[in-house]
Each structure stands twice: as C-alpha cells, then as structure tokens.
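Next come the chains, spelled out residue by residue.
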Amino acid sequence: MWAPSVGRPRKAFVNVPGRMIGPEKEKSKGVSLMENFQEYCLNTTIHGLRYIGTISLSLFERLYFSVSFVLVSMLSIYFITSVYQKWQSNPIIIGLNPIATHIRDIPFPAVTICNMNQARRAAAERMAPNSQEQSLLESICSLDGEFNVTNNFQGKWSVVKGLLLNATQPCHRMIVSCRYAQKVQKCMHMFSPVLTDEGLCCTFNSVDQSFMLRNYDAASDTDSSVGSPFEPIEWIPEGGYVGVMKNNSFPRPIAGPGVTMGLAVVLDANVSDYFCSSTSSSGFKLLLHNPTETPKMAEYASYVRVGTESRVVVKPKISDASYLIRKVSQDQRQCVFANEANLSYFRTYSRNNCEMECEARLILEFCGCVLYYMPKVQEDVKICRKADAACYEEIKASIAFTANTSLRCSCLPGCFEISYSMEITSANLCIGKFKINEKLITQTDAYARENIALLYIYFTETYFRSFTKGELVGFTDFVSNIGGLLGLFMGFSLISLAELLYFVTLRPLFARRRERKQREGARDREFNVFYNSVFQVPQKPQPATVHFADEVNPIKNLPRQVKVFIGSRLQQAAGWIENVLRMRKNPINRKGGSTFPFYE
C-alpha cells in the first residue's frame, strides 16, 4: 500500500487553481537605485548627504544642500591636487643631521701629493730620439711637436707603465720623512704610487686597489712597496669599515684633533732634476679627497711652494640620506645609493668615479684610445699617444663645457658621500738660523729653501654635522593631509569609504539574496498547505508535560511585588520610546508659525 513521504517533497510542477507552483523563477524586483541612494544618504557619516536624502524637506532645501556638497567637494579636490603636486615635485629636503658625527667614525682623508716636475731630466736625456718612450714623454708633458712613431707604437699599457715608473720621481725620493699621530714611520709604507692626470703621484690613506677596482689585476698595479706592516681593509661611504678594524689597518681613522695627531711630511722637489713642469713654477700639488676616489690633480689640486712650512686644516663635508627615500626616483632625490650603482670599473660609486669612467668611455668611443690615467674599461685597450691629442682634448673640452648637451656625463652624487676641504697657511722655512723643535728636517738651509716643503695636515674639531636628505612630504604625511582636507570639507573618513563600498556592492547583493529566500519560503509554504490539504498528513502527538510536586519554578516563586515593579517599569519605558518616536515623526509648531521638520 502506498504511503506519502513525510520528508521534504521533491519540487515539481503542480497545478493549483488559479496559478502554478514550482521551481519557475519569478522576475526579481531587487532594491532600486533610488532606494539604495536614499538609504545611503540617510545613514552615511559624510556631512550634508542626510539632508539630501530626507523626503520631508522641501525641494529647495534639498537643492541647497546638494549645491553646497558639490562646492565643498570641488574645493577638497583642488586642495588635494595641490598637496599631490607638492608631494611629487618636492619630495626631498636637505637639513643638518641632529646627531653629530665623531671624527673616529670617518677616515682620515686620502692625501695625494704630486711633484710639479712630471719627468726627471736624467731619465729624459737617456731616451733615444724619436723613440716610443720619447713620444710618450712628450704626451705626458703636453709639449709641442710630432714624432715619427705612428707605425711602431701600439699604445700598450706595459710600455706606458714602465716609462712612468722610470721617468718620474719615486715616492720614497719625494717624501723623505713621515709622522702620523706622533709616530714616525717609513714613508714607503705609508704612501703608495697612483696614476693621475699629473703623472705618477703619491697617495696616503687611500683604499687598496683590490677594494677599489672591480677587475683588479695585481700585475698592472703601480704599487711596488714590499714588506709593508699595514693591512688593507675595505671602507665605503655608505656602510663605513667592512670587517674588524685593527691598529695597522688602512685607510686609517682620524687619530684625534690637533697638529700632533695629524700627518706631518717633509717633501723634496729636487728642482735641479726638473725636465717639464705642469705649471710655471716649482713645488708640489696637494689634494685631499675621498679614499675611494682617483684624484684629479690638474683641475682641483692646491699649490705648496718649496721653502715653506704649511699647515693644512681639514674640514670634512659629510652627506647621508634616509633610507625612506629609496622609493623616490633618482631624478627626484638627486642621489644614488650604493646598491644602485652601475659602474663597470670602480667598485664604489661616487660622482668623481662616475665622471672619470664616463669620460674614458667617450674618449674611447670617439678617439679609439684612453689616456694612461683613465680607467681601462676594456682589456688591452689602446693608450692615447701624442697624435691623438687633438681628438681627446676636444672631447675633454666638450664634456667640461656645461652648455654642451651632446657630450655630457650625467652622474648624480652618491646619497652617502664624504669630501674634504682645506685651509692652508704657510711661512718661510728657516733652517740653521735658530733652534727648532721639528726633527723631521735634516737638510741644510740652502737646500731647504730651494727644494724642501714641510706639511702639517690635521683636524681642529672633534664633531661634525652631516647634511641629511630626508622626505619633505612622506606617504604618511600625504595621507594625513588628504584625510585632514576631506574631514574639514566633507567629514570623510575611512569608515565613510567602507559605507560607500557597502552600499554599492554588498547591500544590493544581500538584498537580492533575502528577497530570493523569502520567495522560496513562500512557495514552500503554499506547496505544503496544498499537499497537507490533499493528503491530510497526520500530526505527531505532542508529549505530555509532567510536573512533579517538588519541582521548583523560580519565576512563579518570585515575590509578587517584584513582578509588579518590573512590569510597571517596562510599561513606562515602552511609553517613553513611543512618545519620542511620535514627536520625531510629527512636525513641531513653534511660535510665529514656523515649522522645522525632522528627517525620518
């Protein structure tokens, strides 16, 4: 015998008098756009919109608030645009670092000294006429005249290196006495030869070539010092010393302020051996520079006359940057971090290293060679000779000419850099006329007046202020400014943004879902009524409730006075709420007949 199923019946098309009940979907009305907008205006936290959505207000009043809202929106957009333009155009500010830098945290400057004599007379006289060595010597001395050596001269670096080492004055002959931090040391261990645009010069406290160059070749190194007790250590402006600093490490830190804690050297020009001078006088050229840079002596060096005692006061200029400006483009912050450097010859980036490498590339591109002191960006690159002077001098002049846009080296400064300026005072040497405390000078008075120069290089201060690049308007400040403007004009906040997103996306979606569930529930109820009326499904009897005599009902056992008190208070609260709602819905008549309607 067939029995109807008690569970949820399977949905099917069933004919009901007057209509059809089944899974056929009816067209969803949803929430209209106007209803959603009105609901948003009445509930949003943005100022002014609730008056626009209030139906009880007149059309003129709603139009007044609509125009006001549009005006303040335009004003807020105008000021936000100004803030954005300022954020994009001037994101960086340069100021003094509030934390002073101690001199022990920076190295002593690299001291490069060149004799103005670029070639010794004795070496020049030993050269054969019209030879390769003579042609190179004329090129180094920048003398007029051409030589017939274009066919057999290949411009090899080994030939140039041998000439420089043999023709120029060696460091141990030019620097005869040295003292640093009250300790007398051998000059051949403190100074190393270095190639510059003035020929072979001598440098103190420079970073070792193995840490300065990317593809370091010990065979091409001009440093011939052997048995030095000092150990090289890497130093970069951005990170400082890399590794453990020892007493015999170099580049050396600053020992302390004062003449006695600085560097003292005795220089011998040997004027009688002059062949060609880079200037119209005799003496030395001095330059203080970053230990990681190759000096440009011809352009920036200072003169030191023979027969004088000079005191050089060093003043460092330190530049650093906040790491928050890394996200700012290089064109806007106008500096380069160490990990952004793209030099192929030098390991450490600086503006001077970048410009020297760029100059070498341009001369190699247009002239097919590089000058002997320039970076060898390619292996076995040709060294320029005297016949190439017209070409590379024109390229150098074009690069130096600031108005030229065709040949230009666009090198930004490093975000972390250090440079040194100096103040020189000098006096004449007087040897043998009276007793002096300086023991470094052992030459006679006549020779000293013609050949000797005494230098003291030292610091006078213990702390220095650095120039720091930071964010003028950071992202947090930018967002704060925008939030302040939006809050001032419109009362806008992040919650207002969440409300807008809710009324645009979530509320219509969930309204449709609730409407669909209501329709499905109504169809199920109608179908169950029809099914029960046809098949008359018996109802399950409800179980009888049994009460025991000792069962305690806490509600019934409450005192009658407590129940009366609670009931009266609930009735009072309900009446008060009803009166308040009735007052807000009805207009209030003031004296004079004016009416102030409240929004619903």
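Before any of the text, the structure's been laid out above.
All residue numbers refer to position in the chain's written sequence, counted from 1. Note on the predicted model: pLDDT of at least 70 is required for a residue's local features to be given, and 80 or more for side-chain atom pairs to be given and counted; whole-chain, interface and lining totals, by contrast, use all residues. To get the side-chain values, take all heavy atoms of the structure and skip hydrogens and water.

## Remarks on a nonpolar patch on the surface
The patches reported here contain residues having more than 30% relative accessible area and no salt bridge. Joining distances are 9 Å for like charges and 5 Å for nonpolar side chains (Val, Leu, Ile, Met, Phe, Trp, Tyr). Computed with the Shrake-Rupley method and a 1.4 Å probe, the accessible areas treat only the protein chains shown as cover for residues. In the sections that follow, a salt bridge refers to a side-chain nitrogen of Lys or Arg positioned within 4 Å of a carboxyl oxygen of Asp or Glu. Taken together, the side chains of Leu63, Val67, Val70, Leu71 and Met74 present a nonpolar region at the surface, about 480 Å² in accessible area. Relative to the elements of secondary structure, Val67 occurs in helix 3 (residues 59–89). Throughout this description, buried means an accessible area under 20% of the type-specific maximum (1.4 Å probe, protein chains only), exposed means over 50%, and partly exposed covers the range between. Val67 gets classed as partly exposed once you look at its relative accessible area, which sits at 45%. What counts as a helix is a DSSP run of H or I of at least four residues, what counts as a strand is a run of E of at least two, and both are numbered from the N terminus.

## Here we look at helix 1 (residues 33–43)
Among the residues of helix 1, Asn36, Tyr40 and Cys41 are the ones counted as buried. Angularly, the buried residues of helix 1 cover 135° about the axis, an arc narrow enough to put them on a single face. Within this analysis, the arc is defined by the directions that extend from the helix axis to the C-beta atoms.

## Section: the pattern of salt bridges
Considering all chains together, one arrives at nine salt bridges under this definition. For Lys246, the salt bridge goes to Glu231, with nearest N and O atoms at 3.9 Å. With Lys246 in the loop between strand 13 (240–242) and strand 14 (249–250) and Glu231 in strand 11 (residues 231–232), the pair connects residues that are 15 residues apart, well separated along the chain. With a relative accessible area of 37%, Glu231 lands in the partly exposed category.

## With respect to the sheet that holds strand 5 (residues 110–115)
A sheet is described by the order of its strands in space; here five strands give the open sequence 9-10-5-17-18, paired in antiparallel fashion. For this open sheet the edge positions go to strand 9 (191–196) and strand 18 (302–304), each flanked by a neighbour on one side alone. Strand-to-strand, the axes of this sheet are offset by a mean angle of 35°, without reference to chain direction. Across six bridges, the pairing between strand 5 and strand 17 (residues 284–289) is antiparallel. Directly across from Cys114, in strand 17, lies its bridge partner Lys285. Here the rule is simple: two strands pair whenever DSSP picks up at least two bridges between them. Fitted lines through C-alpha atoms give the axes, limited to the stretch in contact for helices. The angle between two N-to-C directions lies from 0 to 180 degrees.

## Here we look at the state of the cysteines
Put simply, a disulfide is two cysteine sulfurs that come within 2.5 Å. The final tally for this structure, using the stated rule, is eight disulfides. Note on cysteine connectivity: Cys171 is disulfide-linked to Cys202, with sulfurs 2.0 Å apart. Between Cys171 and Cys202, the S-S torsion sits near -110°, and that sign places the bridge as left-handed. With a gap of 31 residues between them, Cys171 in helix 7 (residues 171–174) and Cys202 in strand 10 (residues 199–204) connect regions that are remote in the sequence. Note on accessibility: Cys171 and Cys202 belong to one class, buried. Covalent S-S linkage joins Cys178 and Cys187, the inter-sulfur distance amounting to 2.0 Å. Sign of the S-S torsion, about 125° for the bond between Cys178 and Cys187, identifies this disulfide as right-handed. Under the relative-accessibility criterion, Cys178 is labelled buried at 1%.

## Some words on the packing of aromatic side chains
The aromatic pairing rule takes the rings of Phe, Tyr and Trp, using the six-membered ring of Trp, and pairs them if the centres are within 6.5 Å, calling planes under 30 degrees apart stacked, those over 60 edge-to-face and the rest tilted. With the rule as written, the count across this model stands at 14 aromatic pairs. Taking the centre distance of 5.3 Å and the plane angle of 70° together, the rings of Tyr78 and Phe79 count as edge-to-face. Its relative accessible area of 36% is what places Phe79 among the partly exposed residues. Three or more aromatic residues joined by ring pairs form one cluster here, namely Phe108, Tyr180, Phe191, Phe204, Phe459 and Phe464. Here, a charge over a ring is recorded when the distance from Lys NZ or Arg CZ to the ring centre is within 6 Å and its angle to the ring normal is within 35 degrees. Above the plane of the ring of Phe230 lies Arg252, whose end atom (NZ or CZ) is 4.1 Å from the centre. Taking NZ or CZ as reference, Arg326 lies 4.2 Å from the ring centre of Phe337, over its face.

## Digging into empty space enclosed by the protein
Lining residues are those with an atom within 4 Å of a point, where the points come from a 1 Å grid over the protein atoms alone and group into cavities, where a 1.4 Å probe fits but cannot get out, or pockets, open sets with protein on both sides within 12 Å along at least five of seven lines. Grid points are joined across faces, edges and corners, and a volume is the space filled by probe spheres set on the points. Following the criterion strictly, the structure yields three cavities of 30 Å³ or more and no others. Lining the largest cavity, in full, are Ile236, Pro237, Glu238, Val336, Phe337, Ala338, Thr348, Tyr349, Gly414, Cys415, Phe416 and Glu417. Within the lining of the largest cavity, the residues separate by chemical class into eight nonpolar, two polar and two charged. When its volume is computed, the second largest cavity comes out at roughly 80 Å³. The wall of the second largest cavity is formed by Cys114, Asn115, Asn117, Gln118, Thr168, Gln169, Met174, Glu198, Leu200 and Cys201. Only strand 5, strand 6 (117–120) and strand 10 provide two or more residues apiece to the lining of the second largest cavity. Following the grouping adopted for this structure description, the nonpolar residues are Ala, Val, Leu, Ile, Met, Phe, Trp, Tyr, Cys and Pro, the charged ones are Asp, Glu, Lys and Arg, and the polar ones are all others, Gly among them. Tallied by class, residues from the lining of the second largest cavity come to four nonpolar, five polar and one charged.

## Thoughts on helix 12 (residues 351–367)
Multiplying 1.5 Å by the helix residue count minus one yields the expected span of that helix. Along its 17 residues, helix 12 runs 24 Å from first to last C-alpha, staying within 8% of the 24 Å computed at 1.5 Å per residue. Inspection of helix 12 places Asn353, Cys354, Met356, Glu357, Cys358, Glu359, Ala360, Leu362, Ile363, Leu364 and Cys367 among the buried residues, and these make up the whole buried set. Throughout, a contact is declared for two residues whenever any of their heavy atoms are within 4.5 Å. Against the buried residues of helix 12 lie helix 13 (389–400). The first or second residue beyond helix 12 is Gly368, which carries a positive phi of 80°.

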